[in-house]
Amino acid sequence: MDREIPSGVLRIGAIASIVAGVLLIAGFALHPAGEDATHGTDPLWVPAHGLLWLAFTLAPLGWIAVYTAQATKAGRLGITAFVVIILGTSLASWIFSSDVTFVPVIAAESPELFGKIFSTSHIAIGIASVLTWVTGNVLFGLSIVRARVFPRWTGVFLVVGTLVVPIAYLAGFSVRVAAMGATLAGVVQIWLGYDLLRKLQRRSSAA
């Protein structure tokens, strides 16, 4: 871990990773049974997607800190994974922002408008955003395995958990199946943040 990086910066990122992981798990736990926007009138729709929006907003702070801790050992794979996961997480967050803001209103007042909003371009942008997030998580998980700064199982679980989410949706499985993958990825974020805090504590004690 680079000693030139202020511990406070890394500590904030570690805490953000923990909080983001908790929010990711909670968001999927609250998620209504369906993902279709017509479920926007469900009383759990806004709270679930609000938690997910906040999780994806905080997550980049965590990924920055985790990458910084393993940067010297992660190599080119590490920097590639870092760039893609930051872009993917940022891109995916807009989906949850729309789910919290205009989707509930349209679902309640004029659901037929969804047919016009969800055009080919809109769907293509959404798919590209999600795929970028998935790719970033998979690459980052592989970089964790390679760098060996954090437990290798966290990298493996991040890859597996992330892949479960799109596979579940594409296969038509219940949202609960996707939630299991998201929960696994969330647990990884929590552990990475916790492990980073421990490393910082040991560094502080050795100083």
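What you are looking at is a predicted structure, and each value in this text was computed from that prediction instead of being measured. (Residues numbered from 1 in each chain as written. Predicted model: local features only at pLDDT ≥ 70, side-chain atom pairs only at ≥ 80, totals over all residues. Heavy atoms only, no water.)

We now examine the overall build of the protein. Of the regular secondary structure elements, the protein holds seven helices and zero strands. Listing the helices and strands of the protein from first to last along the sequence gives α-α-α-α-α-α-α. Rg of the C-alpha trace for the protein: 18 Å, near the compact-globule value of 17 Å for 207 residues, within the 12% margin. In terms of principal-axis extent, the alpha carbons of the protein reach across some 60 × 25 × 25 Å. Within the protein, the proportion of its 207 residues that are buried is 46%. Pairs at least 24 apart in sequence give 76% of the contacts found in the protein among residues at least 6 apart. Split by element, the accessible area of the protein, about 9,900 Å² in all, is 71% carbon and sulfur. (Helix = DSSP H or I, 4+ residues; strand = E, 2+ residues; numbered from the N terminus. Rg over C-alpha atoms; globule rule 2.2 N^0.38 Å. Buried < 20%, exposed > 50% of the residue type's maximum accessible area, 1.4 Å probe, protein only. Contact = heavy atoms within 4.5 Å. Areas by Shrake-Rupley, 256 points an atom, 1.4 Å probe, with all protein chains shown as cover.)

Phi is positive for R148, close to 60°, though the residue is something other than glycine. Along the chain, the position of R148 falls in the loop between α5 (120–147) and α6 (152–170).

Under the counting rule described, the total for this entry stands at two salt bridges. Its salt-bridge partner being D195, residue R198 comes within 2.9 Å of it at the nearest N-O pair. Of this pair, R198 and D195 both sit in helix α7 (residues 175–206), three residues apart, roughly one helical turn. What makes R198 partly exposed here is its relative accessible area of 32%. Residue D195 is classed as buried on the basis of its relative accessible area, which comes to 3%. (Salt bridge = Lys/Arg side-chain N within 4 Å of Asp/Glu carboxyl O.)

Attention now goes to empty space enclosed by the protein. Evaluation of the coordinates by the stated rule reveals one cavity of 30 Å³ or more. In this structure, the largest cavity encloses a volume near 100 Å³. Taken together, A20, L24, A55, F56, A59, W63, T89, W133, N137, A185 and Q189 form the lining of the largest cavity. Elements supplying a minimum of two residues to the lining of the largest cavity: α1 (7–30), α2 (45–100), α5 and α7. (1 Å grid on protein atoms, 1.4 Å probe; cavity = no way out; pocket = protein on both sides within 12 Å on 5 of 7 lines; lining within 4 Å. Points joined across faces, edges and corners; volume = space filled by probe spheres on them.)

All right, on to the confidence of the model for the protein then. On average, residues of the protein carry a pLDDT of 90, and 93% of them reach 70 or more. Per-element mean pLDDT across the protein ranges from 70 in helix α4 (residues 114–117) up to 96 in α6. (pLDDT = per-residue confidence, 0-100.)

The next thing to look at is α7. Side chains that are three or four residues apart share a direction in an α-helix, a result of its 3.6 residues per turn. Over its 32 residues, α7 runs 46 Å from end to end, which matches the ideal 46 Å to within 8%, given 1.5 Å per residue. For α7, the side-chain oxygen to backbone nitrogen distance between the N-cap and R176 is 3.0 Å, and the N-cap itself is S174. (Expected span 1.5 Å × (residues − 1). Polar contact = N/O pair within 3.5 Å; in protein donor to acceptor, adjacent residues only side chain to side chain.)

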